[in-house]
Amino acid sequence: MKCEYCLEVRGLTARYGEIVAIKDVSFFLEKGKFYTIVGPNGGGKSTLVKTIVGIIDDYEGEIKIFGKSRDEYIRERLIGYVPQMSGMRKFPIKVIDVVLMGLFRDKGFRFKPKHYSKAMRTLESLGLDGFESRLIHELSGGQRQRVMIARAIVSDPEILIMDEPTVGLDSESQAKFYSLVREFKESGMTVIVVTHDVGFVSEYSDGILCINKKLVVHATDVSELPERFFTKLYGYGVKTVLHHHKE
Amino acid sequence: MMDTGIFAYDFGQIALIGGILGALSTALLGNVVVLRKMTFLGSGIAHLSFVGVGLGLLIGVEPRIVTLVVAITSALALGYLSRKGIHEDIGIGVLFSTSMALGIILVNLSKVDSSRVMAYLFGDILAMNWNDVKVLAILTAIILTFIAVFRDHLVYSTFDEDFSKILGIKISVIYYTFLVLLASSIVLTINMLGIILISAMIVVPAASAMLLSRTYQGMFKLSPLLSTSSVFFGLILSWIYDIPSSAAIVLIQGLAFFFAFLIKIFGK
Ligand SMILES: Nc1ncnc2c1ncn2[C@@H]1O[C@H](COP(=O)(O)OP(=O)(O)O)[C@@H](O)[C@H]1O
Ligand SMILES: [Mg+2]
């Protein structure tokens, strides 16, 4: 059976105790495309992402990945995941060892030379060669972000989900980041990015999910969305910003 | 030449082997304690264990069995609190001193010889027997295996719990196993070092190793080395100057930390 969607989410609800973080969320995503998730802070974006990748187990509804149930899929294969950055505390771990975490399932009793060379190649592909022996907290925010991306893609995932990866990056690094996303997409990966960079969203993304707890709008083009929708979501008209941006 | 005469005696050999086994166990688990920033755990378990000592002496059951039960229970409880984000705060400080007071009252009620109580408080490594060493050897073997197999699991779930979950690491099972092993190693080394000094054995070698080595891999190699050599030199020191051996061991560990600190500051 050929499956049409790489990710199917139906009626997904997740709570933290009494707090309902996301309610009855449903959407379907196609393979090999680039999607963005937008929405206000506290809107449940991180919760949604954590539920899909397997961090949050306590949810109602259905998540199917390439036609399999979430748990069945993640037992066989990792979903690439780049967490939302919080201040990195000091921890005595080298960059190479952080990347190797992504190959942990494959290691058996210990990491082998092929794991090291895979991790090194991934670091190189992200312009981080020479940084492998640094400690993770000795890097700048942007470099650390790329290490997290390296850890996510080192296992060659079919789906890569990144939670606000461009926060704190200057505009040049942001542009670099989105061209990296395009490379991933061209290699056949499905890429999902949680972001507030609505400007880049319209230029690069194949689909946009707007999440504010219960409210979900799924559009394939930002221009499909009425301006007052963004006004309601963010408190200002994003489309106005977009049109300005495109000039 | 150093005067190593102490090791010519049976009690000296028992102390050396027992001490090294205890040092290995506590130092290896101590790395996890230090990386997780749970340094209150060691002294907490030891203080709460004193209630077990008092209870055992009072009801006439081998104190170490009662202590083991109390220690494991408190390790699981403190570990649970720590995971919920409750760290060294006033409440926990009050709990520790209150349990110590309760222990003293229980011991007093049991009317045992006060030298036995002193051994629990300050330790008496020279009073160990071969049976103690055997039990300690079994526990040390279990802890060495646990660390050899699960070191990365423990480190990953400390560094990034969410990602460990994605990797399928059974975070809770490993964490609570670690706590049970820590409580057991504390109970089995209490009669060597005493309730007051045992937390040093857990925290200090790992803290020194963290200063001296950049990576967690280095910590796991260095801290057992620092810990076991401080037992060796501590015993010799206590023999030469006729001072309490547990205090001598901890003093050497403290000096090692001080030098590690100096190296860290001036070595760059
Ligand atoms: N660990 C948690 N415990 C309790 N509530 C949480 C937790 N994480 C998030 N929340 C709550 O769930 C809601 C959604 O949060 P989150 O998914 O982080 O939103 P976003 O990523 O869109 O900013 C918020 O109200 C937040 O306060
Ligand atoms: Mg978020």
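Residues numbered from 1 in each chain as written. Chains lettered and ligands numbered in written order. Predicted model: local features only at pLDDT ≥ 70, side-chain atom pairs only at ≥ 80, totals over all residues. Heavy atoms only, no water.

### Considerations on the overall build of chain A
The condition that has to hold: Helix and strand definitions follow DSSP, with helices as H or I runs of at least four residues and strands as E runs of at least two, each counted in order from the N terminus. The buried label goes to any residue with under 20% of its type's maximum accessible area, the exposed label to any with over 50%, and the partly exposed label to all in between, with areas taken from a 1.4 Å probe on protein chains only. Whether two residues are in contact is decided by their heavy atoms: any pair within 4.5 Å suffices. Methods summary: accessible areas were calculated by the Shrake-Rupley approach with a probe of 1.4 Å, and residue burial reflects only the protein chains presented.
Each helix and strand counted, chain A has nine helices and ten strands in total. Buried residues in chain A amount to 51% of all 247 residues. Partitioning the intrachain contacts of chain A with sequence separation of at least 6 by distance along the chain shows that 64% fall at a separation of at least 24. Carbon and sulfur atoms make up 48% of the accessible area of chain A, which amounts to about 11,500 Å² in all.

### Some thoughts on the coordination of the magnesium ion (ligand 2)
The criterion, for reference: We call an atom a donor if it is N, O or S and sits within 2.8 Å of the metal, or 3.2 Å for Na, K and Ca. Water is not counted, so some sites may look partial.
The coordination sphere of the magnesium ion (ligand 2) contains the protein donors A:Ser46 (OG) and A:Gln84 (OE1), at a distance range of 2.0 to 2.2 Å. Here the residue A:Ser46 occupies a position in helix H1 (residues 45-53), and A:Gln84 occupies one in the loop between strand E6 (80-82) and helix H3 (95-100), the gap between them amounting to 38 residues.

### Concerning helix H5 (residues 141-153) of chain A
All names here are of chain A. Selection criterion: Expected helix span is taken as 1.5 Å per residue step, with the number of steps being one fewer than the number of residues.
With 13 residues, H5 extends 19 Å between its outermost C-alpha atoms, agreeing within 8% with the 18 Å of an ideal straight helix rising 1.5 Å per residue. Taking burial as the measure, the 13 residues of H5 include ten buried ones, the bulk of the element. The complete set of buried residues in H5 reads Gln 143, Arg 144, Gln 145, Val 147, Met 148, Ile 149, Ala 150, Arg 151, Ala 152 and Ile 153.

### Structural notes on the interface of chain A and chain B
It is common to give the size of an interface as the accessible area lost on bringing the parts into contact. What counts here: What counts as buried area is the accessible surface, traced by a 1.4 Å probe, that two parts surrender upon association, with contributions from both included. The term salt bridge refers to a pairing of a side-chain nitrogen on Lys or Arg with a carboxyl oxygen on Asp or Glu at a separation within 4 Å. We call two N or O atoms a polar contact when they sit within 3.5 Å, provided that within protein one can donate a hydrogen and the other can accept it, with sequence-adjacent residues counted only if both atoms are side-chain atoms. Asp, Glu, Lys and Arg are counted as charged, while Ala, Val, Leu, Ile, Met, Phe, Trp, Tyr, Cys and Pro are counted as nonpolar; the rest, among them Gly, fall into the polar class.
Taken together, the contacts link 29 residues of chain A with 23 residues of chain B. Regarding the contact of chain A and chain B, the summed buried area is about 2,400 Å², with carbon and sulfur atoms giving 64% of it. Our count for the contact surface shared by chain A and chain B stands at five salt bridges. Among the ionic pairs, A:Asp57 bridges to B:Lys165, the shortest N-O distance being 2.5 Å. Here chain A is connected to chain B by ten residue pairs in polar contact (both at pLDDT 80 or more). It is H3(A) that provides the largest number of residues to the side of chain A that touches chain B, a total of three residues. Grouping the amino acids of the side of chain A that touches chain B by side-chain chemistry returns 16 nonpolar, three polar and ten charged.

### Concerning empty space enclosed by the protein
All names here are of chain B. Rules: For cavity detection a 1 Å grid was placed over the protein atoms alone, and a set of points counts as a cavity when a 1.4 Å probe fits there but cannot get out; an open set counts as a pocket when protein lies on both sides within 12 Å along at least five of seven lines, with lining residues being those that have an atom within 4 Å of a point. Grid points are joined across faces, edges and corners, and a volume is the space filled by probe spheres set on the points.
Within this structure, the stated rule accounts for one cavity of 30 Å³ or more. One number sums up the size of the largest cavity: a volume of about 30 Å³. In terms of lining, the largest cavity is formed by Val 204, Pro 205, Ser 208, Leu 226, Ser 227, Gln 253 and Ala 256. Where the lining of the largest cavity is concerned, the elements lending two or more residues are helix H8 (171-212), helix H9 (216-241) and helix H10 (245-266). Take the lining of the largest cavity: its biggest share by element is three residues, from H8.

### Brief notes about the confidence of the model for chain B
Using the following cut-off: Per residue, pLDDT measures the predictor's confidence, with a range of 0 to 100.
Per-residue pLDDT for chain B averages 91, and the proportion of residues at 70 or more is 98%. Both scores are available for the predicted complex, with the pTM at 0.91 and the ipTM at 0.90.

### Looking at the pattern of salt bridges
One pass over the structure, following the stated rule, counts 19 salt bridges over all chains. Between A:Lys33 and A:Glu30 there is a salt bridge, with its nearest N and O atoms 3.1 Å apart. On the accessibility criterion, A:Glu30 (34% relative accessible area) is partly exposed. The partner of B:Asp152 in a salt bridge is B:Arg151, and the shortest N-O contact between them spans 3.2 Å. We classify B:Asp152 as buried; its relative accessible area is 7%.

### Describing the sheet that holds strand E5 (residues 68-69) of chain A
Residues and elements named next belong to chain A. Here is the rule we go by: Only strands joined by at least two bridges in the DSSP assignment are considered to pair.
Taken together, the four strands give an open sheet; going across it, the order is E2-E1-E4-E5, and neighbouring strands pair in antiparallel fashion. Two strands bound the open sheet, and with one partner strand each, they are strand E2 (19-29) and E5. Sheet topology note: the strand E1 (residues 7-16)/strand E4 (residues 59-65) ladder contains six bridges and is antiparallel. Bridge assignment links Glu 8 to a residue of E4, and that residue is Lys 64.

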